[in-house]
Amino acid sequence: MTQTREGLTSGEVAERVARGEVNDVPPRSSRSAADIVRANVFTRFNAIIGVLFLIILVVGPVQDGLFGFVIIANTGIGIVQELRAKRTLDNLAVIGEARPRVRRDGRSVEVPTAQLVLGDLIELRPGDKCVVDGEVLEADSLEVDESLLTGEAEPVLKRPGDPLMSGSFVVAGSGAFTATKVGREAYAAQLTEEASRFTLVHSELRGGISELLKYITWMMVPAAVGLILSQLVVEDHHVDEAVRRMVAGIVPMVPEGLVLLTSVAFAIGVIRLGRKHCLVQELPAIEGLARVNVVCLDKTGTLTEGGMDVSEVRPLNGADEARVAQVLRAFGAAEPHPNASLQAIIEAYPPTPDGAGRWQATRTLPFSSARKYSGAAFAEPDGGRSAWLLGAPDVLLGEGDPVLGDVDRLDRQGLRVLLLARAADGDRDLQDEGAADAARPVALVVLEQRLRPDAAETLGYFAEQNVRAKVISGDNAVSVGAVAAKLGLPGAERSIDARELPAPQQERARQVADGTVFGRVTPQQKREMVGALQSSGHTVAMTGDGVNDVLALKDADIGVCMGSGSEAAKAVAQIVLLDNSFATLPSVVGEGRRVIGNIERVATLFLTKTVYSVLLALLVVCWQVPYPFLPRHLTLLSSLTIGIPAFFLALAPNRERARPHFVRRVLHYALPCGLIAGTATFATYLLARHHYSGPGSLTAETSAATLTLFLIAMWVLAIVARPYTWWRVGLVLAMGAGFLAVLVLPPLQHFFALKPAGILLPWTAVAVAAVAGVLLEVAWRLAAGKLSA
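Let us look at the structure shown here.

What counts and what doesn't
- Residues numbered from 1 in each chain as written.
- Predicted model: local features only at pLDDT ≥ 70, side-chain atom pairs only at ≥ 80, totals over all residues.
- Heavy atoms only, no water.
- Axes fitted to C-alpha atoms, helices over the stretch in contact; angles between N-to-C directions.
- Helix = DSSP H or I, 4+ residues; strand = E, 2+ residues; numbered from the N terminus.
- Parallel < 35°, antiparallel > 145°, perpendicular 65-115°, else oblique.
- Left-handed = near helix turned anticlockwise from the far one by under 90°.
- Contact = heavy atoms within 4.5 Å.
- Nonpolar A, V, L, I, M, F, W, Y, C, P; charged D, E, K, R; others polar.
- Phe/Tyr/Trp six-rings, centres within 6.5 Å; stacked < 30°, edge-to-face > 60°.
- Buried < 20%, exposed > 50% of the residue type's maximum accessible area, 1.4 Å probe, protein only.
- Pairing = 2+ DSSP bridges.
- Patch = residues over 30% accessible without salt bridge, like charges linked within 9 Å, V, L, I, M, F, W, Y side chains within 5 Å.
- Areas by Shrake-Rupley, 256 points an atom, 1.4 Å probe, with all protein chains shown as cover.
- Salt bridge = Lys/Arg side-chain N within 4 Å of Asp/Glu carboxyl O.
- Core = buried A, V, L, I, M, F, W, Y, C linked by side-chain atoms within 4.5 Å.

Here we take up the packing of helix 25 (residues 662–691) against helix 26 (residues 697–720). Their axes nearest at 8 Å, the elements helix 25 and helix 26 cross at an angle of 155 degrees. The angle between helix 25 and helix 26 falls in the class roughly antiparallel. For the pair helix 25 and helix 26, the crossing hand works out as right-handed. The residues of helix 26 that touch helix 25, namely those facing Cys673, Ala677, Ala680, Thr681, Thr684, Tyr685, Ala688 and Arg689, are Leu698, Glu701, Ala704, Ala705, Thr708, Leu709, Ile712 and Val716. Residues that form the contact of helix 25 with helix 26 fall into these classes: 11 nonpolar, 3 polar and 2 charged.

This is the structure in structure tokens:
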């Protein structure tokens, strides 16, 4: 395929579009709307409840099938939540997608990624993502990071004719390449789909609930068989009545409201964070960040704003200040894509109308994070030639150089220092290692970084929440430590140069765990540090916005990127702060803690019901008595003591840090509570069977058992609702008033088939519930002590 440096013509583009040679990439979100609907409808939970609901519709009456409407609510919320997230991601993909610059008809224009065609000539600048495969046509010190493809962190120097893989990122230099593979043939299509799609990644919360549902499903089968035989054969009930009683025993075993509330909590969490301009690309990320105990922060763009200011220029060795200013002005004019440091120099020394005093750049060496300096060679106005380097003093100066003392003092003040040095031989290739070794220092350029106004408050929040913050930066360690100290980060005064970290992995991991501020960290070292912390049992979040943060962002448990970050960083992060505000992170942590803490709290209510339902079913089969409840009774109890209060409790503030072992923790509370509730309820039921006789006795027996179970379930609710606030006390009282209304209002008595008879048994039911309440308090305290030990 032939290719000119002017790119394709409009006619050639149209021909390729007609042939289908266009970059038709897969959608950003992983599932279509149909897939989302299908995944939310066909679930284990819906299958269980749906079958039982259909059975009740057949045998009637409809009030015994009220539990079935939970399917509609749970499925609807799940679908709406995922479609909303999909729409948000798709909109972001349109707004924030890479818009590569291509040459067409001899002009450089920006086009959407989806409009690239085979043979397009695509320009590259630092930070750009290669969105299609191609072959390099032009290269000016072009360095590409292929770490996401090969795992190698070292930038690869690209020359004309070299292949360029989609999914790689430009870290230095500039150039242009010809698109040789587009659409689904390009590796970028697979990478983008994998990196930025909407997925439900591993969540201990979701996984724990799924595991519980799996065990409950296995318990339901023998319980259902035992109940139907007991009611149909032993008690000689009519088939419809036996089926209703069997369904009544099975339905409460399923914590249907817990599944619903988890969906609600996640959905509301995402909506709340969306209002704060925080995009959660993977829903369980808010849960993951709540479990984080170490946050690794990149200094630039996170603690500091992108811009800097030149505060001072110090000539060295008698250098002429005017000449230094000329060199810096020429340096800025020579770089078409300046980084933040060079941009500050350009603002301080703007190019003159006569083209920087007629200094002509003959060669340039763009800044590289691996090299730590940039360079430029000039033809000066007087006909002379010179080559200059601008970068890190500790890299360009030899060990022990007296200038490093001044640099160290400036670093300790939180200032950023660059060294302007003249290469000994103006004709030497700037990329030669000897160019830096033989450089002669000319001036120190002192830059002052702009601190984010919200950084100190955010670091203080993490300290209060026992989350350790570690600053990991590619800048000088002392300078980074000074910035962190200004923000009040504990331990910032003991900064560590990453180049001095020990080679043995175990010793390195120990120093990484103990340290707070690290400087001169390479992209590969950032990744290794995250891995070292994870191997020590920490849950690690990594924040960053640059290409050099991509590896660490992808390997961290939670990757957080600024909205203004590079396409590379946004592609791999689970959370994107669209307003570039570091202060949004506490909101994300708080939202995750609210979701996890409250779901764990209300899960105790639901699983207590599961435990006492299983126990009641077993006791009914063993004692060969009628099952005491109809589905409507347990729907009423579940609504008043679990469903309605759990909804409000699940949305309440909760700042407690998430703890592991969700299932084990919940069962420690639910098992004893459920056993006490089931035993006490069955005891009241047996007493009622001996007390009542004649027509209507089963309704009276059911009413007594229901009263006991309601009072015990209310006691569990009162325990779970602690610590009390005015609205929590009001919530508990309102639920009690609702049940009282059912007992005293004739229409509700008839609808729910509840009517206490006499005085002795109702008060006996209250007494049994009181004894059970004391046992609940003892069991709760024992479980809390065992879990905190």
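What follows deals with the packing of aromatic side chains. How two aromatic rings sit relative to each other is set out by the distance from centre to centre and by the angle between their planes. Counted under the stated rule, the structure contains 8 aromatic pairs. Ring centres of Phe331 and Phe378 lie 6.3 Å apart, and the angle between their planes is 65 degrees; this geometry places the pair in the edge-to-face category. Taken together, the residues span a long stretch of sequence, with Phe331 in helix 11 (residues 321–334) and Phe378 in strand 12 (residues 373–379) at a distance of 47 residues. Under the relative-accessibility criterion, Phe331 is labelled buried at 3%. For Phe378, a relative accessible area of 1% puts it in the buried group. Each ring, one from Phe751 and one from Phe752, has its centre 4.9 Å from the other, and the planes form 80 degrees; the classification is edge-to-face. Under the relative-accessibility criterion, Phe752 is labelled buried at 11%. Among the aromatic residues, those joined into a cluster by ring pairs are Phe331, Trp359 and Phe378.

Turning our attention to the pairing of strand 19 (residues 540–544). Along strand 19, 5 of the 5 residues are buried, which leaves the element largely enclosed by surrounding structure. Burial along strand 19 is two-sided: Val540, Met542 and Gly544 and Ala541 and Thr543, pointing in opposite directions, are all buried. Relative to strand 19, strand 9 (residues 294–297) is paired through 4 bridges, and the arrangement is parallel. Paired with Leu297 across the two strands is Thr543, which belongs to strand 19.

Before going further, it helps to examine the environment of Ile644. Here Ile644 lies in helix 24 (residues 631–650). Taking the C-alpha atoms as reference points, Ile644 and Met735, 91 residues apart in sequence, are found 8.4 Å from one another. In contact with Ile644, other than residues within four places in its own chain, are Ser639 and Met735.

Pairing between the strands of a sheet is mediated by backbone hydrogen bonds and can be parallel or antiparallel. Ordered by their spatial adjacency, 8 strands build an open sheet running 8-21-20-19-9-16-18-17, and the pairing between neighbours is mixed. Each of the sheet's edge strands pairs with one partner strand only, and the pair in question is strand 8 (278–280) and strand 17 (495–497). Taking each pair of neighbouring strands and ignoring which way they run, the sheet shows an average axis angle of 20 degrees. Its contacts with the sheet put helix 20 (residues 523–535) on strand 9, strand 16 (468–472), strand 18 (517–519) and strand 19, and the angle it makes with strand 19 is roughly 160 degrees.

What follows concerns a nonpolar patch on the surface. On the surface, a nonpolar cluster with roughly 340 Å² of combined accessible area is contributed by Leu740, Val744, Leu745 and Leu748. Within the secondary structure layout, Val744 lies in helix 27 (residues 726–744). By relative accessible area, which is 52% here, Val744 ends up exposed.

Moving on, we get to the nonpolar core. Ile250, Leu289, Ile575, Phe582 and Phe739 are the most contacted members of the largest nonpolar core, which has 123 residues in total. Core analysis: the next-biggest nonpolar cluster, separate from the first, contains 25 residues, Met308, Ala334, Ala344 and Ala376 among them.

Looking now at the pattern of salt bridges. The tally for this structure, following the rule as stated, stands at 21 salt bridges. The residue Arg323 makes a salt bridge to Glu380 at a minimum N-O spacing of 3.0 Å. Taken together, the residues Arg323 in helix 11 and Glu380 in the loop between strand 12 and strand 13 (385–391) connect sequence positions 57 residues apart. Its relative accessible area of 26% is what places Arg323 among the partly exposed residues. Two residues, Arg409 and Asp406, come together in a salt bridge whose shortest N-O distance is 2.2 Å. Residue Arg409 and its partner Asp406 are located together in helix 15 (residues 403–412), separated by 3 residues, close to a single helical turn. Through salt bridges with shared partners, a single network forms among Arg101, Arg103, Glu110, Glu123 and Glu138.

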